[in-house]
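# Inside the fold
Now for the letters of each chain:
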Amino acid sequence: MAGRAEPPDGGWGWMVVLSAFFQSALVFGVLRSFGVFFVEFVSAFEEQAARVSWIASIGIAVQQFGSPIGSVLSTNFGPRPVVMTGGILAALGMLLASFATSLTHLYLSIGLLSGSGWALTFTPTLACLSRYFSRRRSLAMGLALTGVGLSSFAFAPLFQWLLDHFAWRGALLLVSALSCHLVACGALLRPLSLTEDTAVGGPRAQLTSLLHHGPFLRYTVALTLINTGYFIPYVHLVAHLQDLGWDPLPAAFLLSVAAISDLIGRVASGWLGDAVPGPVARLLMLWTTLTGVSLALFPVAQAPTALVVLAVAYGFTSGALTPVAFSVLPELVGTARIYCGLGLVQMIESIGGLLGAPLSGYLRDVTGNYTASFVVAGAFLLVGSGVLITLPHFFSCFSAPTSRPQELVIEVLDTKVSLHKEEGLEEE
Amino acid sequence: MLEKNITLESPSLVSLTCEFTPSGNVTLVNVTWTRGTELMLRSPHAVFADNTVHAQYQFSIINSKQMGSYSCLLEGKQEQRGTFNFKVPELSGKNKPFITYVGDTAVLVCKCPKCLPVRWAWYRSNGSEQVPIDALMNDTYVISGTHSNKTKLKIKNLREEDGGAYWCRAEFQLGQSTDQLDLVVLSFLVPLKPFFAIIAEVIVLMSIILLCEVYTKKKKKHPDDGKEFEQIEQLKSDDSNGVENNAPRQRKK
């Protein structure tokens, strides 16, 4: 029977880390740096800012809602063809966008087409990564996700340079060529078959079993709550600083400081997640609680030094929770169901992400400042981390074994035995 | 030496005041008002009890000849001077080059946020000269907003020769100021070259990755040559990954 009993925890896995690093850079780095194109689109199409921001919103929404599709396809065909197709779609979307004559073209090409491409790349890659590692999973995740932070640094000036030399049409053309590297990264994802794979059946069976899996559902609820509060500082911190009287340049510098500490937090948390025994969910709860506390303290801080300290704290803790959040899932549902599991989680938690920013803006409009927004964001994070306590093995001192779906295994083995007897295959 | 910049766009009545603290112990001083090097007014002033001298000069500015630098000068052992610089509003002047492609439409914008020129005019460069643009004679140019605080020059159906320096000139009753805008017209080949270069690089990368994989698979299969019926599955615990699902199934013995 083909398949390994244990994930390799190294070897080719490090190439998968490299691939995931570049993919998170090319998907989220591009999304985060799209603000650079924003100004150009506003003047080129003579449209309002709100309408132009829909381009990125549609892209993010399609990427998250489309994650289950990427999951299902990867379970059937393996991650490699799915990710390579996703890369082609993402690059094609950008290519068509460079010929756009109206904003609707951009909604369809960047939002819909590139968004679907990104949906097919990101989730299968992370799921594939968690199948390659078990002991060093958190570190691998942390290293791979640093791609997001580094690319936000690199791509914003790069895109500005492209705009200055080629105008937005030429710049989009070259971003499309850049996105083709997603296809090359997909080629690195060699399929890995583990012994559990044959036990869990096709994607439909997996999805149904996941939706009946208590811990998985509780985890999804926790992540959705966390997601609601998580993005609020990214959207509103600059506005909050300007309300306090900060100039644009120091405010931007504060964001860079938070971004650097976010990067350090990711790697440190990844290393810590593997070094500390016991279920990773406890670390996730620690980081989300600290993030929630630092968010809630933002309105209280008035002095510049206090704000800098809080920004560093928020950056570190929010960066720290990302690799751990992805590492908890294989422990809960097993590496065989990881593709479907990750897709479902991404889709449901995106609801939180979509609701969080408008809710925060609404609170700001009603109360006149960002105090309520930050406190509510912190509250969401704290409630989410509270839900994490209900996960299994939370209080044990040993690492939960990568859980195998026990009931399913017994059923399927029975079926297998009878099949073999019928077909007359030799068995020792 | 004290200096103050004043922005003025339409004729006005001006009153300048200088307050001096003369050195030494004098009761009467001479204050001179000049415009540039031209002497405008010279009169004696009394020194007050708190050792200050107040000098005032009133005049009207009607046209550009009366703009310039006005100075009040206190004569004495230590000369004290204050300068007032009158200028028309300046245009922004920090524009980045405007990049467009052949066949596109370019819109060049000049604006003056806090002023209202009497008239705007557009010029383009022809060698070393400035040639005025006449929108009525040439229908590829459309000028809008000649009498507001923002003016736009729209150029349709760009050709490569349309690239170069353009000037917008804001004319006031008291003078004028210009701003330079650079238009760059690129052909489609310009971004296409790096595009294909990057695509080629991606194809090369993918070939390397896939060839490496084929090569390592061949290396794994070679030890099995000649043992087709006694296939021993070896779970290697070093750098290799698992065997693909569609590889021929091997049975344990």
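None of the values given here were measured: they were computed from a predicted structure. (Residues numbered from 1 in each chain as written. Chains lettered and ligands numbered in written order. Predicted model: local features only at pLDDT ≥ 70, side-chain atom pairs only at ≥ 80, totals over all residues. Heavy atoms only, no water.)

### Here's the deal with the overall build of chain A
Heads up, the rule is: A helix here means a DSSP run of H or I that spans at least four residues, while a strand means a run of E at least two residues long, and both kinds are numbered starting from the N terminus. Categorising residues by exposure relies on relative accessible area from a 1.4 Å probe, with only protein chains included: less than 20% of the type maximum marks a residue as buried, more than 50% marks it as exposed, and the intermediate range marks it as partly exposed. Per-residue and other accessible areas follow the Shrake-Rupley method at a 1.4 Å probe size, with only the shown protein chains counted as cover for residues.
Each helix and strand in chain A was counted, giving 18 helices and 0 strands. Each of the 428 residues in chain A was classed as buried or not, and the buried ones make up 54%. Split by element, the accessible area of chain A, about 17100 Å² in all, is 72% carbon and sulfur.

### With respect to the sheet that holds strand 14 (residues 164–172) of chain B
Applicable threshold: Strand pairing requires that DSSP identify at least two bridges connecting the strands. Angles shown run from 0 to 180 degrees and are taken between the N-to-C directions of axes, each axis being a line fitted to C-alpha atoms and, for helices, limited to the stretch in contact. By definition, residues are in contact when any of their heavy atoms lie within 4.5 Å.
One open sheet accounts for 5 strands, arranged 8-15-14-10-11 (chain B); its pairing is mixed. Two strands close off the open sheet at either side, each with one partner strand: strand 8 (98–101) and strand 11 (129–132) of chain B. Across this sheet, the average inter-strand angle for adjacent strands is 35 degrees, counted without regard to direction. Of the strand pairs in this sheet, strand 8 of chain B and strand 15 (residues 175–186) of chain B are connected by 4 bridges, and their pairing is parallel. The residue of strand 15 of chain B that forms the bridge with Tyr-101 of chain B is Leu-186 of chain B. Each of strand 8 and strand 15 of chain B touches helix 7 (residues 137–179) of chain A; the most contacted strand, strand 8 of chain B, lies at about 40 degrees to it.

### Comments concerning the domain arrangement of chain A
Residues and elements named next belong to chain A. The condition is simple: In this document the domain limits rely on a domain assignment from an automatic tool or a database. Two parts placed together each lose some accessible area; with a 1.4 Å probe, that loss summed over both constitutes the buried area. Throughout this description, the term salt bridge denotes a Lys or Arg side-chain nitrogen within 4 Å of a carboxyl oxygen of Asp or Glu.
Domain boundaries assigned for chain A yield domain 1 (8–192) and domain 2 (199–399). Using C-alpha coordinates to define each centre, domain 1 is positioned 21 Å away from domain 2. With 34 residues of domain 1 in contact, the opposing surface of domain 2 contributes 34 residues. Per-residue buried area on domain 1 facing domain 2 is highest for Gln-64, Arg-131 and Ser-138; these three make up 19% of the total on that side. Our count for the domain 1 to domain 2 interface comes out at 0 salt bridges.

### Structural notes on the nonpolar core
Our working definition: Nonpolar cores were defined as sets of buried Ala, Val, Leu, Ile, Met, Phe, Trp, Tyr and Cys residues, with membership established by side-chain atoms within 4.5 Å.
The biggest cluster of nonpolar side chains holds 116 residues, and the ones touching the most others in it are Phe-37, Phe-41, Leu-129 and Tyr-219 of chain A. Among the elements that make up this core, the one with the highest residue count is helix 7 of chain A (17 residues). Sequence-distant contacts of Phe-37 of chain A, that is, excluding residues within four places in its chain, are made with Phe-159, Leu-163, Trp-168, Ala-171, Leu-172 and Val-175 of chain A. Leu-8, Tyr-57, Leu-158 and Cys-168 of chain B belong to the second largest nonpolar core, which has 42 residues in total.

### Thoughts on the state of the cysteines
We count it as follows: When two cysteine sulfur atoms are found within 2.5 Å, that pair is recorded as a disulfide.
Counted under the stated rule, the structure contains 3 disulfides over all chains. Sulfur-sulfur distance for the disulfide between Cys-18 of chain B and Cys-72 of chain B comes to 1.9 Å. Between Cys-18 of chain B and Cys-72 of chain B the sulfur-sulfur dihedral comes to about -90 degrees; the bridge is accordingly left-handed. Within this pair, whereas Cys-18 of chain B is found in strand 2 (residues 12–20), its partner Cys-72 of chain B is found in strand 6 (residues 69–74), the two being separated by 54 residues in sequence. For Cys-18 of chain B, a relative accessible area of 7% puts it in the buried group. Overall, Cys-72 of chain B belongs to the buried group, its relative accessible area being 1%. Each sulfur in the disulfide pair Cys-112 of chain B and Cys-115 of chain B lies 1.7 Å from the other. Torsion about the S-S bond of the Cys-112 of chain B and Cys-115 of chain B cystine: about 130 degrees, corresponding to right-handed handedness. For the pair Cys-112 of chain B and Cys-115 of chain B, one class covers both residues: buried. Numbered in order of appearance, the disulfide-bonded cysteines of chain B are paired 1-2, 3-6, 4-5. Not part of a disulfide, Cys-128 of chain A finds its nearest cysteine sulfur in Cys-185 of chain A, a span of 12 Å. Distance from the sulfur of Cys-212 of chain B, which forms no disulfide, to the nearest cysteine sulfur (Cys-185 of chain A) is 15 Å.

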